[in-house]
Amino acid sequence: MSKTISIIVPCFNEQESVPLFYAAVEKVAAQLPDHAIEYLFINDGSADQTLPAMRTLQAQDPEHVHYISFSRNFGKEAALYAGLQAATGDYVAVMDVDLQDPPALLPEMIQGIEVEGYDCVGTRRTTRAGEPPVRSFFAKKFYQIINHISQTKIVDGARDYRLMTRQMVDAILEMTEYNRFSKGIFSWVGFDTKYLEYQNQDRVAGTTSWSFWGLFKYSLDGIVTFSETPLAIASFIGFFSFIIASIALIFIIIRAIIFGDPTSGWPSLISVVLMIGGLQLLCLGIVGKYIGKIYLEVKNRPVYIVKEKK
Ligand code: UDP
Ligand code: MG
């Protein structure tokens, strides 16, 4: 029996890429006679002609092409979630529309699942050529930090591009959290994953929607949603300062008893007050970050809102 592969494609201001993507995947699909492809384009509140481009494709190939259009930009994570919920295929692939995720890897991914028995075949970039060096440096640091402090391991350079079995997709859908960090979620659900490696590809069209600051915030979110270590660091700092302060206090009392107490030490006093104040604010900030996440989580808002669907 022929299996269906659902391909989830999040799109944000990608009017040129959408038709190019479809053509590129159709070329690969022609080499896969035993598999039917279902396209699920998600328009994540694009301001350009992305939605009309999707409507055109859908009219051309109504049986295989579907799209979901959000009422505004909800972010790639929300788009992926919407796609996973709507996908009906036996296997589900997640792919960027800018062709930075080479569709030519699909046959190898299918083989990984059907022949080698993996539940998921993911991809990782071995090079970051074409990327600003500062970004590569921080990306490397991010993987080091999160793998150090989180139980959930994230492979360095792993992309969202992957093919998963229905069983794994259902497991992911059980995770209904509002703060979605897909790289962590894919790893958290477990299952056997094989990684294919490839060289970094340039976008076919359009520009990346990630600024350096955007990526930085995204990586902090990843750490906060998948690790409690920063909270432990906060209490450790508190405990450590308490010990230091206690030792200093004993020292000062003994010194006062032995040598008397000439009034001095104003600068050191102020320094200590400022330092402890700073540490307290830092720890409050860490705690606040988690409270912010809890706040968004308990509001239980929908992850996305659909305006149009076909
Ligand atoms: N994307 C999205 N919503 C957003 C930002 C990006 O759906 O708010 C999509 C985008 O259209 C692309 C994918 O997510 O298909 C990856 O984005 P991009 O290529 O900008 O990121 P990069 O490849 O530079 O990491
Ligand atoms: Mg890209």
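Worth saying up front: this structure is predicted, and the values here are computed from it rather than measured.

Definitions and limits used
- Residues numbered from 1 in each chain as written.
- Chains lettered and ligands numbered in written order.
- Predicted model: local features only at pLDDT ≥ 70, side-chain atom pairs only at ≥ 80, totals over all residues.
- Heavy atoms only, no water.
- Core = buried A, V, L, I, M, F, W, Y, C linked by side-chain atoms within 4.5 Å.
- Buried < 20%, exposed > 50% of the residue type's maximum accessible area, 1.4 Å probe, protein only.
- Helix = DSSP H or I, 4+ residues; strand = E, 2+ residues; numbered from the N terminus.
- Arc of directions from axis to C-beta.
- Contact = heavy atoms within 4.5 Å.
- UniProt positions renumbered as here; feature names shortened; annotations may be inferred.
- Donors = N, O, S within 2.8 Å, 3.2 Å for Na, K, Ca; no water.
- Near = heavy atom within 4 Å.
- Polar contact = N/O pair within 3.5 Å; in protein donor to acceptor, adjacent residues only side chain to side chain.
- Areas by Shrake-Rupley, 256 points an atom, 1.4 Å probe, with all protein chains shown as cover.
- Nonpolar A, V, L, I, M, F, W, Y, C, P; charged D, E, K, R; others polar.
- Pairing = 2+ DSSP bridges.
- Axes fitted to C-alpha atoms, helices over the stretch in contact; angles between N-to-C directions.
- Phe/Tyr/Trp six-rings, centres within 6.5 Å; stacked < 30°, edge-to-face > 60°.
- Lys NZ or Arg CZ within 6 Å of the ring centre and 35° of its normal.
- Salt bridge = Lys/Arg side-chain N within 4 Å of Asp/Glu carboxyl O.
- Parallel < 35°, antiparallel > 145°, perpendicular 65-115°, else oblique.
- Left-handed = near helix turned anticlockwise from the far one by under 90°.

How would you explain the nonpolar core if you had to name every residue and give the values?
Ranked by internal contacts, the top residues of the largest apolar core, which has 35 residues, are Ile7, Val18, Phe21, Tyr39, Phe41, Leu106 and Leu163. The dominant element in this core, judged by the number of residues it contributes, is helix H1 (residues 17–29), at six residues. Counting 34 residues, the second-largest nonpolar core is a separate cluster that includes Leu40, Ala87, Cys120 and Met168.

Provide a residue-level description of helix H6 (residues 166–173), including the pertinent values.
Within the span of H6, buried status applies to Met168, Val169 and Ile172. For H6, the angular spread of the buried residues around the axis is 100°, confining them to a single face. Along its buried surface, H6 packs onto helix H3 (76–86), strand S4 (91–94), strand S5 (120–125), strand S6 (158–165) and helix H7 (182–188).

An account of the UniProt feature "transmembrane region" (unreviewed entry) in the protein is requested, with residue identities and associated values reported.
This chain's UniProt record puts "transmembrane region" (unreviewed entry) on residues 231–258 and 270–291. Helix makes up 100% of residues 231–258 and strand makes up 0%, while its end C-alpha atoms are separated by 41 Å. Helix makes up 100% of residues 270–291 and strand 0%, with an end-to-end C-alpha separation of 31 Å.

Could you give an account of the coordination of the magnesium ion (ligand 2), with specific residues and numbers?
The protein atoms donating to the magnesium ion (ligand 2) are Asp98 (OD) and Gln100 (OE1), with metal-donor distances spanning 1.9 Å. As far as the burial class goes, Asp98 and Gln100 line up, both buried.

Before we move on, could you go through the site of ligand 1 and cite the residues and values that matter?
Near ligand 1 you find 16 residues, and of these Glu14, Asp44, Asp98, Gln100 and Arg203 are the closest. At 2.7 Å, a backbone N or O of Pro10 approaches an oxygen atom of ligand 1. In this structure, Lys76 approaches ligand 1 through a main-chain N or O atom, which is 3.5 Å from a nitrogen atom. In isolation ligand 1 has 530 Å² of accessible area, and contact with the protein removes 88% of it. Across the shell around ligand 1, the residue classes break down as five nonpolar, five polar and six charged.

How would you summarise the sheet that holds strand S7 (residues 193–198) if you had to cite specific residues and measurements?
In spatial order, the strands read S7-S5-S6-S4-S1-S2-S3-S8; together these eight strands make up an open sheet with mixed pairing. Lying at the two open borders of the sheet, with one neighbouring strand each, are S7 and strand S8 (306–309). Going across the sheet, the axis of each strand differs from the next one's by a mean of 20°, ignoring polarity. Alignment of strand S1 (residues 3–11) against S4, held across four bridges, turns out to be parallel. Considered in S4, the bridge of Ser6 is made with Val92. Sitting on the sheet, helix H4 (residues 106–114) touches S1, strand S2 (35–43), S4, S5, S6 and S7, and the angle it makes with S6 is about 50°.

Tell me about the packing of aromatic side chains, and name the residues and values.
Scanning the model with the defined rule gives 15 aromatic pairs in all. Between the aromatic rings of Phe181 and Phe226, the centroid separation amounts to 6.2 Å while the plane-to-plane angle is 50°, which identifies the pairing as tilted. Pair noted here: Phe181 is in the loop between H6 and H7 and Phe226 is in helix H8 (residues 212–226), with a separation of 45 residues, a long-range link. Taken as a pair, Phe181 and Phe226 share a single burial class, namely buried. Connected via pairs of aromatic rings, a cluster forms that spans Phe142, Tyr143, Phe181, Trp210, Tyr218 and Phe226. When the ring centre of Phe74 is taken as reference, the NZ or CZ atom of Arg72 above it lies at 3.9 Å. Geometry around Tyr81 places Arg180 over its ring, the cationic atom sitting 3.8 Å from the centre.

So what about the pattern of salt bridges? Which residues, and what values?
Applying the stated criterion across every chain yields a total of 14 salt bridges. Of the charged contacts, one joins Lys76 and Asp96 as a salt bridge, the two residues approaching to 3.0 Å between their closest N and O atoms. Of this pair, Lys76 sits in helix H3 while Asp96 sits in the loop between S4 and H4, and the two are 20 residues apart along the sequence. On the basis of relative accessibility, which here comes to 27%, the residue Lys76 falls in the partly exposed class. The network of salt bridges with shared partners includes Lys76, Asp96, Asp101, Arg159, Asp160 and Lys183.

Tell me about the packing of helix H9 (residues 229–259) against helix H10 (residues 266–299), residues and numbers included.
Contact geometry for H9 and H10: axes closest at 9 Å, N-to-C directions at 160°. Relative to H10, H9 is oriented roughly antiparallel. The element H9 and its partner H10 pack so that their crossing is left-handed. Between H9 and H10, the contacting residues are Thr229, Pro230, Leu231, Ala234, Ile237 and Ser241 on the first element and Ile276, Leu279, Leu282, Cys283, Ile286, Val287 and Tyr290 on the second.

Explain unusual backbone geometry to me, using residue names and the numbers behind them.
Positive phi values are uncommon outside glycine, yet Leu99 reaches one of about 65°. Take Leu99: it is sitting in the loop between S4 and H4. Its identity is not glycine, yet Asn300 carries a phi of approximately 60°, on the positive side. You can see Asn300 is positioned in the loop between H10 and S8. Accessibility expressed as a relative area gives 65% for Asn300, which makes it exposed.

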